[in-house]
Amino acid sequence: MAVPVIMPRQGQSVESCILGQWYKEVGEEVSEGDILFSYETDKASFEEEAKESGILLATFFEEGDEIPVLENVAVIGKAGESFEEFKAGVTTSAETPEEEVVEEAPKVIEFEMEETSSNARIRISPLAKKMAQSMGINIQTVKGSGPHGRIIAQDIEQASKSVETPAPVAAAPAAVPTPKATPAAKAAPAPVVLEVGDDYDVKAIPNIRKLIATAMHQSLQNSAQLTHHMSADARQLMKLRKKFKKQLADGEIKQNVTINDLVCFAVIRALEKFPQVNTQYYGDQMKWFKKVHLGLAVDTERGLMVPALKNADDLSITGLSSQLKQLSTDARNGNVNPDLLNPAAASFTVSNLGNYGVEMFTPVINLPQTAILGVCTIVPRPKEIEEGVYGFVPMMGLSLTYDHQALDGGEATLFLAEIKNQIENLIV
Amino acid sequence: MPKVQYINPDDVRKPGQIEFKPIPVNQYSKTVEEEKENFSNEDLVRIYHDMVVIREFETMLNLIKTQGVYNGVEYNHPGPAHLSIGQEAAAVGMAYTLGVEDFIFGSHRSHGEILAKGLSAIDKLTDEQLIEIMDTHFDGITAAPVKAGHKGTTKELAIKFLVYGTLAEVFARATGFNKGLGGSMHAFFTPFGVYPNNAIVGGSGDIAVGAALYKKANRKEGIVVANIGDASMACGPVWEGLAFASMDQFTELWEGDMKGGLPLIVNIMNNQYGMGGQTCGETMGYDVAARIGAGVNRDQMHAERVDGYNPLAVIDAYKRKKKILEEKRGPVLLDVLTYRYSGHSPSDASSYRSKEEVEAWEAQDSIIWFGKELVKAGVATEAELEAIKTGTTDLITSSMKLAIDDEISPLMDVKTQPNLIGEMMFSNQSIDKMEDRPVEVNHPMEENPRVKSLKTKERFMFDANGKPFSKIKTYGLKDGLFEAIVDRFYKDPTLIAYGEENRDWGGAFAVYRGLTEALPYNRLFNSPIAEAAIIGTAIGYAMCGGRVIPEIMYCDFLGRCGDEVFNQLPKWQAMSGNVLKMPVVIRVSVGSKYGAQHSQDWTALAAHIPGLKVVFPVSPYDAKGLMNTALQGTDPVIFFESQRLYDIGEQFHEGGVPEGYYEIPFGEPDVKKEGKDVTILTIGATLYRALDAAKTLEEKYNLSAEVIDSRCMVPFNYEPVIESIKKTGRIIISGDASARGSFLRDMASNITELAFDYLDAPPVVVGSRNWITPAYELEDVFFPQADWIIDAIHTKMLPLEGHVCKSDFTEAEQLDRNARGI
C-alpha cells in the first residue's frame, strides 16, 4: 500500500519549512534510508530520509516551496498505486479542534462609590486638583467618579461645563438628599467622633449633611439669587385659622388647617397667576409647569428635607393641609418616596420659619427651581387702618428668593405682591 | 560538540585507569653560591632590595593602622590594609622574571605584588620609557609630587613614583594610580603590567583567564599570572576559571598558530590561611594546594609546590614554567608556600594561631635569611644591606609624607564637583574598533550563507494589504541581532563571542547561525557551562583592550555569575579612575514556557547595579539599532532579549529594518502607538500585550491608549513619558518581572515624583505575580495579560462602563498580597 511522506516537524515552534532540494525523481526507486529531500527551518537545515522502500509515486511540492509541517510532501508505494488521496488538502487533518474552554463565572469586583460617614477627606487626583484651582471650581461641590469616589479630571471638566450652563448641575443627583427609606434611617446616627481635643471634639459629617452642603453651596454658586422682603396683613389668615380650629373642635372637619397650610394655599393661587415663577431654569431653556408641585422644607432630626407635593393646585384647603401633614410626617420618619426628594420634582418651594420667630431671612433656592418663598413670623406692626387712624396690625413677613437669571426684579416683586394680596384676601 | 570529534563507544567504554604523575614539592635546593652563575651580584642585591621595600611599605601601613604613627609621622588611615608582611620572597620571586608585557592580577592582599612587579618592570624599562609613562599617566599628576626636587637617576625617580602612586591610592588621594577610587584592595598600574587586584576572594580566578585569552586570541606577547590565595581555591568562580582555562579545544580544535594552551599561571600565594581558617587541616582538604592541578587536565596543570620563603626557588620555578607557556602548553598551577606574620587585617587578633607558630616562621624570615646568604656568598656586605634598609626607610617616609599632605595629594574634589564620581561610571565612547588591524574571518561577509538568506527575507512584517508574511519569510528579531553582530565582527578585529552552544549550534536561539562559517575558533567558540567564567573571562578580556560578547543563554543564570555581573563588570571603569574601558555586551535571554528556573525577567537586578547599561529591545528594528550602539560603545551592557520574540517581525518602523548600519541611542523610550487617554509603558515582550489591551480599550471602552516601549532601563530619559502623561494623566507600567522590587516599581516611583501634578490616578504597576513562574500551561495567571491592564485601569484609575474584572487589582487584595509576601 502507498504511504505518504510528510514534512517533519522540527521543534514545537516550527510552523512551516522550506523545501530545499529533491534527491529523487518521481518514478525513481527509493530504498529505506535514502535521502529524499532537504528542507530548512528558520534555524537549521535538515535532510529527510525515506522510511519505506518503493517507487516515488508523486511529489506535491517544488523546491523552494514553503510547506506547513506534517503536510504530505510525497508518496512512496508500488508502481501504479493511486496517490491522489494523499495530495495536500485532500487528506483531513487528524488534529481535533480544541475544546471550547468554559469560562468560570467571572469574579465581579464591586466598587464602593459612596463614602462612609467616617471618612470626611475629599479624594481628588493631583491633576483634577490642579484643574479645579485653575478653573476656579470648588471641589467640595464636585462628586468624584473615580475609584472610591475620587474626583478625577473628567469630573472637573464636567463641573466646569455646568458653571457655564447650570443645567447639568440641576440634574446632578447630589442636589438633594435621597436617603433610602429604611426604618433604621429614621433616627439620626450619632456622629462619629474623630478626635477629642481639650475643649472640642472633631466629629465626622454625616452623609446627609454633606449632601445638603453640596446642594446649598451649588445653589449659591450656580445661580444669581437675591431676596425681596414684604409683609402681608395676616388678619384674614388668622380669621380663617380661628374658623378651622373651631370646626375641628366641633368635629366638622378632621383636619387641623394651620397658618402654613393657608399660606401655601395662597401661594398656589399666586403661582397660577404667575406661571413664569412656577418654573425650573436650565440655562438655555426653562421648564414651565402646568401644575403646581409644591416643595415643602421640612426640618427633620437628620437634617433638612424638601419633599414635593405633586399637583398641589388640585387640592382644597383641607386636602392640601392633610397632604402636607402626611408629607412632613413621612419626611421626619424617613419613609418618604425618594423621587419626591429630587429637587426637580417640585416647581416651587415654601420654607416656613414663622414658628421659630424668624422675622426675615434669605432662603436658598432649591435648584433648578427658580424661586423659593420664606415665610416669617407674624408681628404686630403699626398701620393706617383708616384715614388718620393708626393701629397695630399683625403682619406676616414674606421673603422671596428668586434666580435673577430666570426672573427680573419687577416680575418677582409683582409675584410677591400677589402672594401678599392672596394672603390678605384669602378665600377658601 | 563539533561533528569532527567522534565519540567512539568502543574507546570510551574500554576498562583502564588514570595514571597521575608525581607533583613536585619544594624540590629546589640550590644555594646562593650555586646560583651565582645565573645571577649577577647586582641581581641578587636587587632581589634583596625589592623584598625590603615591600617589607617597609607594609610595616609602615601596619604601624599607621595600629599606632597611628610611622617614623615620627602621624596619620590616621581609616580604610582597609590587608598586609603581606612575611610574603615578600613569594612576591619578588613571582615578579622577577616577568617582562613588562606580562600581566599580573591579584587579590585584596597584593601591595607586595604591585611593588614587586613594578620594581621588576622599572628594572626592564628604559629611562625614556619610564619618563613617558610617568609623564602621561593622568598627564603627569601622579608623578608631579615625586618629581619636585628629585635628585638622582630616572630609575630612582620611577621607584619613588611607584611607591608614592601606590600609597596615594591606598590613602584615596586623587593623585593615586587610580585617582583614589580603587584603594588598597584594588590598586593597580597597567603600564608596569600590574592589572586589577580584587577585593573579592578568588575574583581574579576567572578575570585573569580572560586576560590570557586576550593575549592568545589577539596574538599578544606575554603571559598572565593570577595571584590568588590558597583559600580562594574553594571558590566556584576559581574552579570555573580553571575549567575555562584548560578547555581541550585550545589544543584540539583551534587551528594553526592558535593551537595550544593559554599563557596563564595560576599562582597560589599560599600563606596557609583564609582569614583565620587554616586551609590545610581545617577548611580545605587538598593538603598541598598543588594537588588541585592533578584533577584539572591531562597535564595536571604542570602543578608544583615551591618554597615561597626562598626567592630563588620561586624564580627558578618561573623560569621553567614560562618555558612551558612559550611552548603553548599552559595553563600552569603554582603553589607558592609562604606565611604572613601580620594578621588578615589590623583588627585580627590572631586568635587562631599560636605565638610559637608565628615566632617559628619569623625565625626563618626570608629577608634575614637571604641577607645572611648574600653576605655568606660574598655578594654583599652587611653594611651594604644596612644601607639598603636605611635608604628604604627614607623612601617610604618621604613617600608617606607626600601622600598624606592634603595640598600635594588632595582627595578627589567632590565638594566643588559633586558629580565627579558619577562621571567616572561610564566611559561613553563611540569606537568602531578597539584596535586597528585586519579582521580575521573565513570569507567575505557577502558570501556568508546567513547573510545571503537574509536578502530574501521580508524586512517589514506585513505586506501591502496588511497581511503578515509567513514566519519563515519574515525577517525576525534574531536576524536584527545577527546583522549588528556580524557587522561588528567584520569591523573590530578584537571582537570575540562565546557562551554555551555559540558555535556549531548557532546559539540556543539561532541568533549566531551563520557565524560559525564566518569566524575561526579564536573569535567564536563554545564555553564550558560556567557562567561565572563566561562573564569573568570577558571582563579580563575587555580590561586588556578587547571587545567581547559573552552570552549566558537564560536570564535565570545571572545568579550563576552574580559576582561577575554585579561586583566586577560594573565597577572597574570607575575603580580604575577611568583608565580601563569595559566594552562587554552580555547577551541575556529572558525565557518563557520553561518554568520556575528558566522564565524569569531579572532586569531589575541588572538595573539596580550602578555601572551597567541595561537595554531590552523587543522589535527587530530596535534590536539591531541598540545592538549596534552597544557594540560601538565602550561600556558594559546587559542586553536582554525575549525568547517569545526571536521570530517576531518589524511592525512599527516604516519601511522595515534598514539593511545598512544605524544606531539607536540608549535611554530613549519609543512611542509605539499614540493615544490620548491613558499611557501604557512597557518593559520587554509585554509591549505586545499592551497593544492588545490598547485595541480592546479603543474598541470596547472608547479609550485611546498611548503605548510606550521603554527599550532601555539604564540610562532612561523620562521626559517623553512625562510628555505623554501631560496628555493622558494616567499611566500603567507593565512588564514580565515579578512586580515586587521590579524596575516597573522604580519607574512608578520616579514618575510619581516627576509628574505628580499631571496625574489623574496613581501610576499603576502591572507586573508578574510574586511566585514561581509556573508551567507554560499556567503562565497566563502569572505573566501580565492584556486583560490585567484593562482591569487595573478600571479598578485604579477610571471605572469603565460595563467592565467586569477578571483579575483583582483592589487595594484590599494589594494589601493582603503584600501582608502575606506573595
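An unreviewed UniProt entry annotates chain B as Thiamine pyrophosphate-dependent enzyme of Draconibacterium aestuarii. In UniProt, chain B has this text filed under Function (unreviewed entry): "E1 component of the 2-oxoglutarate dehydrogenase (OGDH) complex which catalyzes the decarboxylation of 2-oxoglutarate, the first step in the conversion of 2-oxoglutarate to succinyl-CoA and CO(2)." Of chain B, the UniProt comment under Cofactor (unreviewed entry) reads exactly: "thiamine diphosphate".

If you check an unreviewed UniProt entry, chain A appears there as Dihydrolipoamide acetyltransferase component of pyruvate dehydrogenase complex from Draconibacterium aestuarii. UniProt's Cofactor (unreviewed entry) comment on chain A is quoted here verbatim: "(R)-lipoate". Listed under Sequence similarities (unreviewed entry) in UniProt, the entry text for chain A is "Belongs to the 2-oxoacid dehydrogenase family."

A. Up close: the overall build of chain B. Counting its regular elements, chain B contains 29 helices and 22 strands. Taking 28 Å as the expected radius of gyration for a compact globule of 822 residues, we find that chain B reaches 30 Å, a close match to that expectation. The principal-axis extent of the C-alpha atoms belonging to chain B is close to 100 × 70 × 50 Å. Out of the 822 residues in chain B, the part that is buried amounts to 55%. Sequence-distant contacts in chain B: of pairs separated by 6 or more residues, those separated by 24 or more amount to 77%.

B. Layout of the overall build of chain A. Within chain A, the regular secondary structure consists of eight helices and 20 strands. Taken across its 428 residues, chain A has 36% of its residues classed as buried.

C. Structural detail: the interface of chain A and chain B. If you look at the interface, chain A gives 21 residues, while chain B gives 22 residues. Take the side of chain A that touches chain B: its biggest share by element is four residues, from helix α1 (residues 126-135) of chain A. Across the side of chain A that touches chain B, the residue classes break down as eleven nonpolar, four polar and six charged.

D. Local environment of the sheet that holds strand β18 (residues 678-683) of chain B. Residues and elements named next belong to chain B. An order of β17-β19-β18-β21-β22 is seen for the five strands of this open sheet, with the pairing classed as mixed. Either end of the sheet is taken by a strand with one partner, and the two such strands are β17 (670-673) and β22 (764-768). Adjacent strand axes in the sheet meet at a mean angle of 25° when their direction is disregarded. One ladder, built from five bridges, connects β18 with strand β21 (residues 731-738); its direction is parallel.

E. Structural context of the UniProt feature "domain: Transketolase-like pyrimidine-binding" (unreviewed entry) in chain B. Per the UniProt entry, the sites bearing "domain: Transketolase-like pyrimidine-binding" (unreviewed entry) are residues 475-648 of chain B in this numbering. End C-alpha to end C-alpha, residues 475-648 of chain B measures 8 Å, and it is 34% helix and 17% strand.

F. Focus on the domain arrangement of chain B. Residue and element names in this part refer to chain B. Per the domain assignment, the segments of chain B are domain 1 (32-77 + 98-288 + 337-408), domain 2 (445-642) and domain 3 (670-820). A C-alpha centroid distance of 36 Å is found between domain 1 and domain 2. Contributions of two or more residues to the side of domain 1 that touches domain 2 are made by β4 (194-197), α9 (204-217) and α10 (236-245). For the side of domain 1 that touches domain 2, the leading source of residues is α9, giving nine residues. Tallied by class, residues from the side of domain 1 that touches domain 2 come to 18 nonpolar, ten polar and four charged.

G. Local environment of the environment of Glu-719 of chain B. All names here are of chain B. Here Glu-719 lies in helix α26 (residues 719-728). Owing to 11 C-beta atoms within 10 Å, Glu-719 belongs among the exposed residues under this scheme. Sequence-wise, Glu-719 and Ile-751 are 32 residues apart; in three dimensions their C-alpha atoms are separated by 9.8 Å.

H. Main features of the sheet that holds strand β2 (residues 16-22) of chain A. Residues and elements named next belong to chain A. As summarised here, the arrangement of the four strands in space is β5-β4-β2-β7, forming an open sheet in which the pairing is antiparallel. Each edge of the sheet is formed by a strand with only one pairing partner; in this case those strands are β5 (45-49) and β7 (66-68). The mean inter-strand angle of the sheet, taken between neighbouring strand axes irrespective of direction, is 40°. Of the strand pairs in this sheet, β2 and strand β4 (residues 35-40) are connected by four bridges, and their pairing is antiparallel. Within the sheet, the bridge partner assigned to Gln-21 lies in β4 and is Ser-38.

I. View of helix α24 (residues 620-632) of chain B. A rise of 1.5 Å per residue sets the reference length of α24 of chain B, with its 13 residues, at 18 Å; its end C-alpha atoms lie 18 Å apart and thus fit the reference within 8%. Of all 13 residues in α24 of chain B, 13 are buried; the element is thus mostly enclosed.

J. Representation of the nonpolar core within the structure. Residues Ala-211 and Leu-264 of chain B are the most contacted members of the largest nonpolar core, which totals 253 residues. By residue number, the principal contributor to this core is helix α3 (residues 41-67) of chain B, which donates eleven residues. Ranked by size, the runner-up nonpolar core spans 59 residues in total, among them Leu-327, Phe-348, Val-375 and Leu-407 of chain A.

K. Structural detail: the pairing of β2 of chain A. Across three bridges, the pairing between β2 of chain A and β7 of chain A is antiparallel. From the neighbouring strand, Ser-16 of chain A faces β7 of chain A, where its bridge partner is Pro-68 of chain A.

L. Geometry of the UniProt feature "domain: Peripheral subunit-binding (PSBD)" (unreviewed entry) in chain A. On the UniProt side, "domain: Peripheral subunit-binding (PSBD)" (unreviewed entry) is annotated at positions that read residues 123-160 of chain A here. Summarising residues 123-160 of chain A: 47% helix, 0% strand, and an end-to-end C-alpha distance of 18 Å.

M. Looking closely at the confidence of the model for chain A. Residues and elements named next belong to chain A. For chain A, per-residue confidence averages 81 on the pLDDT scale, and 85% of positions sit at 70 or higher. Looking at the elements of chain A, mean pLDDT is at its lowest for helix α3 (residues 167-171), recorded as 34, and at its highest for strand β18 (residues 348-352), recorded as 93. Confidence drops under a pLDDT of 50 for residues 91-119, and excluding neighbours within four residues, the segment shows 25 contacts in the predicted structure. For the stretch residues 165-187, pLDDT sits under 50, and the model shows 54 contacts to residues farther than four places along the chain or on other chains.

N. Geometry of the confidence of the model for chain B. In this model, chain B carries a mean pLDDT of 96, and residues with pLDDT of at least 70 account for 100%. The complex model carries a pTM of 0.74, and its ipTM stands at 0.74.

O. Seen up close, the packing of helix α6 (residues 259-273) of chain A against helix α8 (residues 409-424) of chain A. All names here are of chain A. One way to put it is that α6 packs onto α8 with a least axis distance of 8 Å and a crossing angle of 135°. Between α6 and α8, the crossing angle belongs to the class labelled oblique. In this structure, α6 meets α8 at a crossing whose hand is right-handed. Judged by residue contacts, Val-263, Ala-266, Val-267, Arg-269, Ala-270 and Lys-273 of α6 engage Phe-415, Glu-418, Ile-419, Gln-422 and Ile-423 from α8.

P. Molecular detail of helix α7 (residues 317-333) of chain A. All names here are of chain A. Relative to the 24 Å expected for 17 residues at 1.5 Å per residue, α7 spans 24 Å between its end C-alpha atoms, a close match to the ideal helical length. Residues of α7 that are buried include every one of Leu-320, Ser-321, Gln-323, Leu-324, Leu-327, Ser-328 and Ala-331, and no others. Buried-residue contacts for α7 involve α6, β14 (294-296), β15 (298-300), β16 (303-305) and β17 (308-309). Gly-334 sits one or two positions beyond α7 and adopts a positive phi of about 75°.

Q. A look at the environment of Pro-263 of chain B. All names here are of chain B. You can see Pro-263 is positioned in the loop between α11 (249-252) and β6 (264-270). For Pro-263, a count of 27 C-beta atoms within 10 Å puts it in the buried group. For the pair Pro-263 and Gly-222, spaced 41 residues apart in sequence, the C-alpha to C-alpha distance is 7.5 Å.

R. Structural detail: the environment of Gly-625 of chain B. All names here are of chain B. Positionally, Gly-625 belongs in helix α24. In this structure the C-alpha to C-alpha distance between Gly-625 and Pro-658, which are 33 residues apart in sequence, comes to 9.5 Å. In this view, Gly-625 contacts Tyr-662, Glu-663 and Ile-664; residues no more than four positions away in its chain are not counted.

Criteria and cut-off values
- Residues numbered from 1 in each chain as written.
- Chains lettered and ligands numbered in written order.
- Predicted model: local features only at pLDDT ≥ 70, side-chain atom pairs only at ≥ 80, totals over all residues.
- UniProt positions renumbered as here; feature names shortened; annotations may be inferred.
- Helix = DSSP H or I, 4+ residues; strand = E, 2+ residues; numbered from the N terminus.
- Rg over C-alpha atoms; globule rule 2.2 N^0.38 Å.
- Buried ≥ 20, exposed ≤ 12 C-beta atoms within 10 Å, placed from the backbone.
- Contact = placed C-beta atoms within 7 Å.
- Nonpolar A, V, L, I, M, F, W, Y, C, P; charged D, E, K, R; others polar.
- Pairing = 2+ DSSP bridges.
- Axes fitted to C-alpha atoms, helices over the stretch in contact; angles between N-to-C directions.
- Domains from an automatic or database assignment.
- Expected span 1.5 Å × (residues − 1).
- Core = buried A, V, L, I, M, F, W, Y, C linked by C-beta atoms within 7 Å.
- pLDDT = per-residue confidence, 0-100.
- Parallel < 35°, antiparallel > 145°, perpendicular 65-115°, else oblique.
- Left-handed = near helix turned anticlockwise from the far one by under 90°.

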